[in-house]
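# Examining the three-dimensional arrangement
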Amino acid sequence: MTTMESLIGLVNRIQRACTVLGDYGGGTGDNAFNSLWEALPTVAVVGGQSSGKSSVLESIVGRDFLPRGSGIVTRRPLVLQLHKTEEGTEEYAEFLHLPKRQFTDFALVRKEIQDETDRITGKSKQISPVPIHLSIFSPNVVNLTLVDLPGLTKVAVEGQPETIVEDIESMVRTYVDKPNCIILAISPANQDIATSDAIKLAKEVDPTGERTFGVLTKLDLMDKGTNALDVLEGRSYRLQHPWVGIVNRSQADINRNADMMLARRKERDYFDTSPDYGHLASKMGSEYLAKLLSKHLESVIRSRIPSILSLINKSIDELERELDKMGRPVAVDAGAQLYTILEMCRAFDKVFKEHLDGGRPGGDRIYGVFDNQLPAALKKLPFDRHLSLQSVKRIVSEADGYQPHLIAPEQGYRRLIEGALGYFRGPAEASVDAVHFVLKELVRKSIAETQDLKRFPSLQAELAAAANTSLEKFREESKKSVIRLVEMESAYLTAEFFRKLPQEMERPAITNSKNQTAASPSPATQDQYGEGHFRRIASNVSAYVSMVSDTLRNTIPKACVYCQVRQAKLALLNYFYSQISKREGKQLGELLDEDPALMGRRLECAQRLELYKKARDEIDAVAWVR
Ligand SMILES: Nc1nc2c(ncn2[C@@H]2O[C@H](COP(=O)(O)OP(=O)(O)OP(=O)(O)O)[C@@H](O)[C@H]2O)c(=O)[nH]1
């Protein structure tokens, strides 16, 4: 006995906890949790309108407490949990949504069911799948849980949405479809069983009749001379469990406020004295039905315990994994928050360095800048144009002014070289920018790849902004350095280079110049030198510039690495650290504000986890007392 009470009580407790967390079956979508509710055996009361569902439930309870009226009165599932108490104790009812209030007046229970139905559905006559939980504690009940569902109907009446017929059917189906659902199919005896809505549905979802209990009401209303023995003895429609006949209070009894206990006695007398059903009397009536269901429910629960436990264990594992993935909640004190932030910075820094040093991709793109982009840009510089014969002639002549040079065009050389070296600024700065963009991209990637940071969008944004500010600073420094390298080349030329060049005989050294001189004395300065002279100057300058280009091809990468890459490795987050050290506790907390959806999900997971763990402990405690 203890076991039976505890098992049904156990399922009741778990069911109530499920409802509080919004688990009443039918969870859908990617984020839906395993439904524990669906794994728990329940008895669902199903029948057409006016088939006598409410009357059966009230008979089982022995109390008048359900709303009555025309149209669809039951518009939300009512989970009715019956708890047997000691003989002589006072009966009372309790709603899950009003945990502190005990109802001893059952008329008020009826009113509360009506009000609570309207609270969710409005007065619109809509239906809602959110159940109302009602517990009744009484010495006159057996331990049992039943779910009262809206009556199946065929037409929508005034004020009801057109879809009501299908809506009710699909809500009822969400219960009876579940293999753990015991179906209490109510059919009135004064109607042909072949037309019973309850039997029609039960047949569909439970064709073998294993989990269907057939209940035949209104036996007293059958035409004189007829009886329901064909149904009750299983000849009309066979179920695995025996049919139970019921005689509820008539409408006239209800109007008279006939006492329920008296009605129970009258029902017993009816069967005991019935010429048709006398031989079945011990297996008829609402009291018998309640006991039968209670016993069956207990045995079903017992047989399902292993699968319920395995579902619970599987869900616990899944939830713990998900919680680990989401990260545990953030600490509230400033010290711990700072520690959390610094831990995440460290994790980010590690990922960033792996990108640069190897292990993760991206660092190689910096080498790509030095090995491809820079040499290609240097090659493309317009030295051919700058050192064209025409340009060399012009620059050299202009450099000499009105006095032509005597031996070598020193000023001309310098001007040509200076002009050429100026072109190196472009590729030098472009290399710095290219490295900057690679580093910036690596910061972005590293933030995205730092698992712990994922849940803190504000921290991610601040970290990215601070790292980018640092990178900008490094870029500026790097630019200054590479420009300085270029300017250093212009500031002091390598005289040695020119000394090594084969010495040119200046002035009219060239034959055709000689001839020209002979023919006509040189009228203009530029004519004093032949093309070969200028070509040689162009080629000497070009050789010098190419030597400088080789040098810069080697030194620009050194400057970029020194000023940008190395600094990024050493001091990328220094600026961030200086910023957060100025922050107060509240501002630190703001950095750690998580995505509200994630926080909500974590809370949900944590509550579910608690539910499952509690359920597991309870089942462990109860299930082995056997
Ligand atoms: N005489 C007699 N009347 C019954 C019996 N069962 C139900 N009734 C009457 O039938 C009518 C409908 O019964 P309910 O219990 O309200 O039926 P229901 O299936 O809950 O109806 P809805 O909630 O409207 O779907 C009421 O007037 C009851 O008094 C019975 O066994 N005998």
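Residues numbered from 1 in each chain as written. Predicted model: local features only at pLDDT ≥ 70, side-chain atom pairs only at ≥ 80, totals over all residues. Heavy atoms only, no water.

Before going further, it helps to spend a moment on the overall build of the protein chain. Looking only at helices and strands, one finds 23 helices and nine strands in the protein chain. The buried share among the 626 residues of the protein chain stands at 48%. Restricting to contacts in the protein chain with at least 6 residues of sequence separation, those with at least 24 account for 81%. Accessible area for the protein chain stands at about 31500 Å²; split by element, carbon and sulfur atoms hold 52% of it. (Helix = DSSP H or I, 4+ residues; strand = E, 2+ residues; numbered from the N terminus. Buried < 20%, exposed > 50% of the residue type's maximum accessible area, 1.4 Å probe, protein only. Contact = heavy atoms within 4.5 Å. Areas by Shrake-Rupley, 256 points an atom, 1.4 Å probe, with all protein chains shown as cover.)

Moving on, we come to the layout of surface pockets. A volume near 620 Å³ is recorded for the largest pocket. If you trace the largest pocket, you find 27 residues lining it, with Ser50, Ser51, Gly52, Ser55 and Arg68 closest to the centre. Those elements that provide at least two residues to the lining of the largest pocket are helix H3 (53–61) and helix H8 (251–255). A breakdown of the residues in the lining of the largest pocket according to their chemical character gives six nonpolar, 15 polar and six charged. (1 Å grid on protein atoms, 1.4 Å probe; cavity = no way out; pocket = protein on both sides within 12 Å on 5 of 7 lines; lining within 4 Å. Points joined across faces, edges and corners; volume = space filled by probe spheres on them. Nonpolar A, V, L, I, M, F, W, Y, C, P; charged D, E, K, R; others polar.)

With that settled, consider the site of the ligand. Around the ligand sit 19 residues in total, of which Ser54, Ser55, Asp220, Asn248 and Gln251 are the nearest. The separation between an oxygen atom of the ligand and a polar main-chain atom of Ser51 is 3.1 Å. Gln251 has a polar side-chain atom sitting 2.2 Å from an oxygen atom of the ligand. Here the ligand occupies the largest pocket. (Near = heavy atom within 4 Å. Polar contact = N/O pair within 3.5 Å; in protein donor to acceptor, adjacent residues only side chain to side chain. Sits in = over half its atoms within 2 Å of the grid points.)

Okay, the nonpolar core next. Ranked by internal contacts, the top residues of the largest apolar core, which has 105 residues, are Leu36, Val46, Phe65, Leu134, Leu146, Leu184 and Leu219. Element by element, the count of residues in this core is highest for helix H10 (residues 286–326), at 16 residues. Setting aside anything within four residues of it in sequence, one finds Leu146 in contact with Val43, Val45, Leu57, Ile60, Leu78, Val79, Leu80, Leu82, Leu184 and Leu293. Judged by nonpolar contacts, the second largest core, of 68 residues, contains Ile366, Val369, Phe383 and Leu439. (Core = buried A, V, L, I, M, F, W, Y, C linked by side-chain atoms within 4.5 Å.)

The next subject is the pattern of salt bridges. Scanning all chains against the criterion turns up 37 salt bridges. Taken together, the shared-partner salt bridges connect Glu58, Asp64, Arg110 and Arg249 into one network. (Salt bridge = Lys/Arg side-chain N within 4 Å of Asp/Glu carboxyl O.)

What follows concerns the pairing of strand E8 (residues 212–217). In terms of burial, E8 is a largely internal element, six of the six residues being buried. Burial of E8 is two-sided: the residues Thr212, Gly214 and Leu216 facing one way and the residues Phe213, Val215 and Thr217 facing the other way are all buried. Here strand E7 (residues 181–188) runs beside E8; their pairing, made up of six bridges, is parallel. Residue pairing in the sheet places Ile183 in a bridge with Thr212 of E8. With respect to chirality, the unit in which E7 leads through helix H6 (residues 197–205) into the neighbouring parallel E8 is right-handed. Pairing of E8 with strand E9 (residues 244–245), which is carried by two bridges, proceeds in the parallel orientation. (Pairing = 2+ DSSP bridges. Right-handed = clockwise from strand over helix to strand, strands pointing away.)

Moving on, we get to the packing of helix H14 (residues 389–400) against helix H15 (residues 410–422). Axis separation between H14 and H15 bottoms out at 8 Å; the angle between their running directions is 125 degrees. Taken as axis vectors, H14 and H15 run oblique relative to one another. Judged by the twist between their axes, the crossing of H14 over H15 is right-handed. Where H14 abuts H15, its residues Val392, Ile395, Val396 and Ala399 lie against Gln411, Gly412, Arg415 and Leu416. In terms of residue class, the contact of H14 with H15 is built from five nonpolar, two polar and one charged. (Axes fitted to C-alpha atoms, helices over the stretch in contact; angles between N-to-C directions. Parallel < 35°, antiparallel > 145°, perpendicular 65-115°, else oblique. Left-handed = near helix turned anticlockwise from the far one by under 90°.)

Predicted confidence across the protein chain gives a mean pLDDT of 86, with 91% of residues reaching 70 or more. Confidence drops under pLDDT 50 across residues 26–31; counting only partners more than four residues distant or on other chains, this segment forms four contacts. Every residue in residues 505–527 scores below 50 in pLDDT, and together they form 16 contacts with partners more than four places removed in sequence or on other chains. Predicted complex metrics record ipTM = 0.97 and pTM = 0.62. (pLDDT = per-residue confidence, 0-100.)

With that settled, the discussion passes to the packing of aromatic side chains. Within a pair of aromatic rings, the relevant descriptors are the distance that separates the centres and the angle that separates the planes. Taken as a whole and judged by the stated rule, the model has 13 aromatic pairs. Between Tyr270 and Phe271 the ring centres are 5.3 Å apart and the planes differ by 90 degrees, which places this aromatic pair in the edge-to-face class. Accessibility expressed as a relative area gives 1% for Phe271, which makes it buried. Here a set of aromatic residues connected by ring pairs shows up, and it is made of Tyr413, Phe497, Phe498 and Tyr544. (Phe/Tyr/Trp six-rings, centres within 6.5 Å; stacked < 30°, edge-to-face > 60°.)

Here nine strands make up an open sheet; going across it, the order is E4-E3-E5-E2-E6-E1-E7-E8-E9 and the pairing mixed. Each edge of the open sheet is held by one strand with a lone partner, namely strand E4 (98–103) and E9. The pairing of strand E1 (residues 42–47) with strand E6 (residues 144–148) spans three bridges and is parallel. The partner of Val43 across the bridge, within E6, is Leu146. Of the strands in this sheet, E1, strand E2 (78–84), strand E5 (132–138), E6, E7 and E8 touch H3, which is tilted by about 160 degrees from E6.

Moving on: empty space enclosed by the protein. Vacant regions in the atomic arrangement are exposed by a probe of water-molecule size rolled over the atoms. With the rule as written, the count across this model stands at three cavities of 30 Å³ or more. Its boundaries defined by the atoms lining it, the largest cavity holds a volume of some 90 Å³. The wall of the largest cavity is formed by Ser54, Leu66, Pro67, Val73, Thr74, Arg75, Arg76, Leu78, Ile113, Thr117, Ile132 and Asp148. Residues of the lining of the largest cavity, tallied by class, amount to six nonpolar, three polar and three charged.

Take the environment of Met547 next. Within the fold, Met547 resides in helix H20 (residues 531–571). Taking the C-alpha atoms as reference, Met547 lies 9.3 Å from Phe497; in sequence the two are 50 residues apart. The residues touching Met547, leaving out its near neighbours within four places in the chain, are Thr494 and Phe497.

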